[in-house]
Amino acid sequence: MKTTDAIRNRLARSPEAGAAAGFSSIFLIFALATPNTFLTNSAISSILNSQAVPGIVAIGITLLMISGEFDLSVGSILGASSLAFLYAAVNGIHILIAASFGLLAGCLLGLFNGLLLIWTGIPSFIVTLGTMLVYRAISLTAISGGRIIRYADYSREPPILEIPGITILVAVLALFVILLWTAKDIRKTPDRSLSTQILLAFALLFSAYLTLEAIIAIIPQPFAFVTIDFFSMLNGRLDIVPGNYRASILWWTGLTTVFVLILTQTRFGNAIFATGGNAQAARLQGININRVRVTNFVISGFLAAVAGIIQVARLKSVDPLRGTGMELEVIAAVVIGGTLLTGGYGSLIGSAIGTALTGMLRTGMVLIQVPTNAFRGAIGAIMIVAVIINNLVRKER
Amino acid sequence: MQRRFLLGFLLLLFLSPATAQERYKFAFVTHGGPGNPFWNVVIKGMEDAAKRYDVDVQWLSNTTFSIEDMPNFLDDAVANKVNGIGITCPDPEAIRESVEQARERGIPIIVLNTADPNAGGPDALPTEFYVGASEFLGGQSNAKAILAEAQKRGTKIQRAVYPIQELGHSGLEARFAGFKSILEPAGITVDGLTISNNVEQSAGLLKDYFLGHPQTNAIATLGPLPADAYYLFSEEEGKQPGDIFHATHDTSPVIFEHIKTGYTIQAVDQQPYLQGYLTVSFLYLNNAYGLTLSQDILTGPFSINASNVDRIVELMAKGYR
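Residues numbered from 1 in each chain as written. Chains lettered and ligands numbered in written order. Predicted model: local features only at pLDDT ≥ 70, side-chain atom pairs only at ≥ 80, totals over all residues.

Draft legend 1. Local environment of the overall build of chain B. When helices and strands are counted, chain B shows 11 helices and 12 strands. Summarising its shape, the C-alpha atoms of chain B cover approximately 70 × 55 × 35 Å along the three principal directions. Per-residue burial over chain B gives 51% buried out of 321 residues. Taking as baseline every contact in chain B between residues at least 6 positions apart, the subset at least 24 positions apart corresponds to 76%. (Helix = DSSP H or I, 4+ residues; strand = E, 2+ residues; numbered from the N terminus. Buried ≥ 20, exposed ≤ 12 C-beta atoms within 10 Å, placed from the backbone. Contact = placed C-beta atoms within 7 Å.)

This is the structure in structure tokens:
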């Protein structure tokens with residue numbers, strides 16, 4: 001076998017290869033068309049900052065779509081859980097407890113979706129179309145009279161966390177050990193994919209860096225309290241790199257890594273693929289497919305809440321329409337990323353690339369000065385081109 | 001296969017515009033866009049001024065309504081190294097960091113259409129000035145017009161309704177506050193009602209409201225689509241001029257028709273064309289000669305009623321109103 005054939009085969013086997021090819025082509029086009037502006041920190045940070053929130057939501061949607069389900073209510077869940085979080089925070093509840101409220105709201109709304117699906121047997125497309133409207137009503141009724149809940153109206157100080165340094169040190173060390181453990185096991189997996197290994201290598205390097213930093217900063221005074229601005233921790237500007245890169249990008253990458261490992265290295269991940277590929281066969285293998293589906297809806301709700309809270313950390317407000325229309329944007333990104341609408345096949349890394357691609361289209365369109373009225377049309381047209389490139393690459397198998 | 005890729009790629013390159021232009025580049029980052037007829041007049045003003053001053057402008061927004069898209073578009077505009085930005089301010093905190101970042105790079109920013117609610121105070125965004133209507137005065141103007149018309153017809157306003165179509169919009173809040181500031185001291189209850197820009201749905205909501213509140217005989221709508229919803233409701237219910245006193249914000253051919261036939265008392269216009277045109281003009285003057293204004297420009301309220309509606313209709317056909 002020739003080397004090119006080997007590479008081609010390898011690419012065709014991974015669902016994200018098409019998205020990566022589409023991404024690279026579009027990237028090259030913008031880079032050549034606007035070299036002075038596109039290849040700058042401001043443009044690239046703008047793309048990544050804007051896509052971190054939909055990127056986190058896309059993780060849950062990908063898991064659901066691989067297991068053969070849809071969730072159209074994620075935008076509304078994001079809105080409702082952002083509201084639960086900020087409402088609690090501005091009413092004097094400790095910021096961590098407020099965040100737990102937001103996450104709990106997301107999980108409960110997701111759980112409700114899942115239970116409704118398995119109890120009624122109605123397709124998830126319809127169930128979540130219904131709950132999308134119902135959950136939106138939560139924000140609309142809770143914030144009546146055309147208001148926006150703004151953090152600044154209640155407090156002039158950012159929410160501060162005070163944590164003993166040693167706790168942080170233990171946490172980053174634990175993360176490093178877990179990643180190392182996973183890396184040890186991944187070599188035994190027969191169908192390990194290249195992208196998973198690259199991702200894991202990056203995660204290991206980054207957590208090693210974090211651990212080193214923590215050791216240097218914390219060891220001299222391990223029990224001293226470290227003050228952290230909660231909003232900056234979630235979505236503040238990253239001072240360690242030049243440009244306007246924000247912490248949300250790290251959360252997006254981190255969560256993607258965690259869920260890639262869950263999807264590709266665990267029994268639960270296998271069960272997700274099996275449920276979406278052939279539910280009947282999965283059931284015969286002893287997989288509780290209802291449990292898989294409900295769990296995925298809860299994960300999807302949880303991640304929508306995480307994304308919502310991270311978004312609040314940047315916008316510092318919640319309006320009743322927060323998250324409207326996000327479901328379609330995210331589903332489009334996941335499909336561009338190579339996940340099939342029919343279930344059983346897909347990739348989280350592909351979804352991340354797909355999400356970044358949609359953001360790149362928006363920023364790229366601004367940079368090449370596309371006329372106002374053609375703007376969205378141009379985004380749609382290029383999105384179709386990206387999917388065509390994606391399909392061409394995959395047909396090479 | 002490879003040849004096909006190459007061909008497509010070259011075609012795309014050919015289609016992309018030439019680089020390195022010396023003209024000024026401006027961007028408008030707003031919470032609404034070309035999906036709503038109101039914004040099209042602002043866009044026309046912006047484009048006419050761009051032609052007049054020979055500059056490039058770009059309108060960056062969600063097609064209908066979105067606050068969370070604004071900081072992302074602002075960052076894109078900064079990345080595009082624009083020479084000036086026009087923004088709307090429905091939620092200053094959401095865009096604060098992006099505005100400050102633009103300001104750090106010396107990009108002048110003018111607020112249009114929706115003012116910074118903190119303007120003049122310590123929390124004001126670092127912008128030049130505001131080009132737009134006073135929403136509060138606009139709300140007051142409609143309330144006064146409704147009271148005057150009721151008096152002329154020898155009746156009293158029993159109760160009023162104020163349907164809001166874009167929740168979370170501080171400009172609409174200010175209109176509501178202005179409206180209430182005149183009617184409530186006169187002992188009239190004003191009900192808020194949540195509707196949308198969907199005409200049919202909102203007409204249904206109005207029908208439900210009036211079923212529940214038959215004594216209500218005044219309504220102020222906040223834009224052309226809600227006005228359409230009110231007209232659909234009023235037509236289907238067979239209402240006559242004077243049954244319900246209606247005034248509205250913003251303009252459309254349908255609203256003018258109803259001013260002529262007496263169904264609508266007045267439309268408070270904020271002259272959106274000026275908001276687009278003047279923003280580009282002042283961004284140009286600021287870049288070219290370092291000029292700026294020391295106070296805001298109020299483009300409204302401007303009252304359109306039976307006395308001037310015909311002239312306005314002529315100008316509307318040309319896209320200026």
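On we go.
Draft legend 2. Here's a closer look at the overall build of chain A. Assigned secondary structure in chain A consists of 17 helices and 4 strands. In terms of overall dimensions, chain A has C-alpha extents of about 65 × 55 × 55 Å along its principal axes. Considering only intrachain contacts with a sequence separation of at least 6, the fraction spanning at least 24 residues in chain A is 79%.

Draft legend 3. Spatial organisation of the nonpolar core. All names here are of chain A. By size, the foremost hydrophobic cluster in this structure holds 195 residues, and its most contacted members are Ile-56 and Val-57. No other element matches the 16 residues that helix H14 (residues 289-315) contributes to this core. Those residues in contact with Val-57 that lie beyond four places of it in its chain are Val-74, Leu-78, Leu-303, Ala-304, Ala-307, Met-326 and Val-330. (Core = buried A, V, L, I, M, F, W, Y, C linked by C-beta atoms within 7 Å.)

Draft legend 4. Structural context of the pairing of strand S1 (residues 25-29) of chain B. All names here are of chain B. Along S1, 4 of the 5 residues are buried, which leaves the element largely enclosed by surrounding structure. Two strands pair when backbone bridges link them, and S1 and strand S2 (residues 56-60) are joined in this way by 5 bridges, in the parallel orientation. In the strand pairing of S2, Val-29 is matched with Leu-60. Read from S1 through helix H2 (residues 37-53) to S2, the crossover connection turns out right-handed. When S1 meets strand S3 (residues 84-87), the two strands line up parallel, connected through 4 bridges. In the sheet register, Ala-27 faces S3, and the bridge partner there is Ile-85. (Pairing = 2+ DSSP bridges. Right-handed = clockwise from strand over helix to strand, strands pointing away.)

Draft legend 5. Quick look at the sheet that holds strand S7 (residues 189-194) of chain B. Residues and elements named next belong to chain B. In space, the 6 strands of this open sheet follow the order S7-S6-S8-S9-S10-S12, with mixed pairing throughout. The open sheet has two edge strands, S7 and strand S12 (302-304), and neither has a second partner. The mean angle between the axes of side-by-side strands here comes to 20 degrees, regardless of whether they run parallel or antiparallel. Direction of pairing for strand S10 (residues 264-269) relative to S12: antiparallel, over a ladder of 3 bridges. Note on S12: the bridge partner recorded for Ala-267 is Ile-304. Of the strands in this sheet, strand S6 (159-164), S7, strand S8 (218-221) and strand S9 (245-249) touch helix H6 (residues 170-183), which is tilted by about 175 degrees from S6. (Axes fitted to C-alpha atoms, helices over the stretch in contact; angles between N-to-C directions.)

Draft legend 6. Structural context of the environment of B:Arg311. All names here are of chain B. Here Arg-311 is to be found in helix H11 (residues 309-317). With 11 C-beta atoms packed within 10 Å, Arg-311 lands in the exposed category. Separated by 135 residues in sequence, Arg-311 and Phe-176 place their C-alpha atoms 29 Å apart.

Draft legend 7. Quick peek at the packing of helix H16 (residues 348-367) of chain A against helix H3 (residues 69-79) of chain B. Relative orientation of the contacting elements H16(A) and H3(B) amounts to 45 degrees, with a least axis distance of 9 Å. It follows that H16(A) is oblique to H3(B) by the angle criterion. Along this stretch, H16(A) crosses H3(B), giving a crossing that reads as right-handed. Across the interface between the two elements, A:Arg362, A:Thr363, A:Val366 and A:Leu367 from H16(A) touch B:Asp76, B:Ala77 and B:Ala79 from H3(B). In terms of residue class, the contact of H16(A) with H3(B) is made up of 4 nonpolar, 1 polar and 2 charged. (Parallel < 35°, antiparallel > 145°, perpendicular 65-115°, else oblique. Left-handed = near helix turned anticlockwise from the far one by under 90°. Nonpolar A, V, L, I, M, F, W, Y, C, P; charged D, E, K, R; others polar.)

Draft legend 8. The arrangement of the pairing of S10(B) in detail. Residue and element names in this part refer to chain B. Among the 6 residues of S10, 6 are classified as buried, and the element is accordingly described as predominantly covered. Sheet topology note: the S9/S10 ladder contains 3 bridges and is parallel. Looking at S10, one finds that His-246 is bridged to Thr-264. Since S9 and S10 lie parallel, the crossover through helix H9 (residues 253-260) that links them has a hand, and here it is right-handed.

Draft legend 9. Representation of the interface of chain A and chain B. Opposite the 41 residues of chain A that make contact, chain B presents 39 residues. At the level of elements, helix H2 (16-33), helix H4 (41-66), H14 and H16 of chain A are the ones that each hand at least two residues to the side of chain A that touches chain B. Across the side of chain A that touches chain B, the residue classes break down as 15 nonpolar, 18 polar and 8 charged.

Draft legend 10. Local environment of helix H6 (residues 95-120) of chain A. For H6(A), built from 26 residues, the straight-helix expectation of 38 Å at 1.5 Å per residue is met to within 8% by its first-to-last C-alpha distance of 37 Å. Phi turns positive one or two residues past the end of H6(A), at A:Gly121, with a value near 75 degrees. (Expected span 1.5 Å × (residues − 1).)

Draft legend 11. View of the packing of helix H9 (residues 194-218) of chain A against helix H11 (residues 247-265) of chain A. Residues and elements named next belong to chain A. Contact geometry of H9 with H11 gives a least axis separation of 10 Å together with a crossing angle of 135 degrees. Classified by the angle between their axes, H9 and H11 sit oblique to one another. The crossing of H9 and H11 is left-handed. Contacts between H9 and H11 involve Thr-196, Leu-199 and Ala-203 from the former and Thr-257, Val-260 and Thr-264 from the latter. Within the contact of H9 with H11, the residues separate by chemical class into 3 nonpolar, 3 polar and no charged.

Draft legend 12. Seen up close, helix H10 (residues 272-289) of chain B. End to end, H10(B) covers 26 Å across 18 residues, agreeing with the expected 26 Å (1.5 Å per residue, within 8%). Once H10(B) ends, the next one or two residues include B:Gly290, with phi positive near 70 degrees.

Draft legend 13. Structural context of the confidence of the model for chain B. Mean pLDDT for chain B: 89, with 93% of residues reaching 70 or above. Among the prediction metrics, the complex's ipTM stands at 0.79, with pTM recorded as 0.80. (pLDDT = per-residue confidence, 0-100.)

Draft legend 14. Region of the structure containing unusual backbone geometry. B:Gly300 connects to B:Pro301 through a cis peptide bond whose omega is 10 degrees. Considering the arrangement of structural elements, one finds B:Pro301 in the loop between strand S11 (297-300) and S12. Backbone geometry at A:Gln369 places phi at a positive 55 degrees, although glycine is not the residue there. Of note, A:Gln369 is situated in the loop between H16 and helix H17 (375-395).

Draft legend 15. Region of interest: the sheet that holds S11(B). All names here are of chain B. Sheet architecture is open: 6 strands sit in the order S2-S1-S3-S4-S5-S11, paired in parallel fashion. The open sheet has two free edges, formed respectively by S2 and S11, since each of these has just one partner strand. Across the sheet, the axes of successive neighbouring strands diverge by a mean angle of 15 degrees, strand direction being ignored. H3 rests against S1, S2 and S3 of the sheet, and its axis sits at about 175 degrees to S1.

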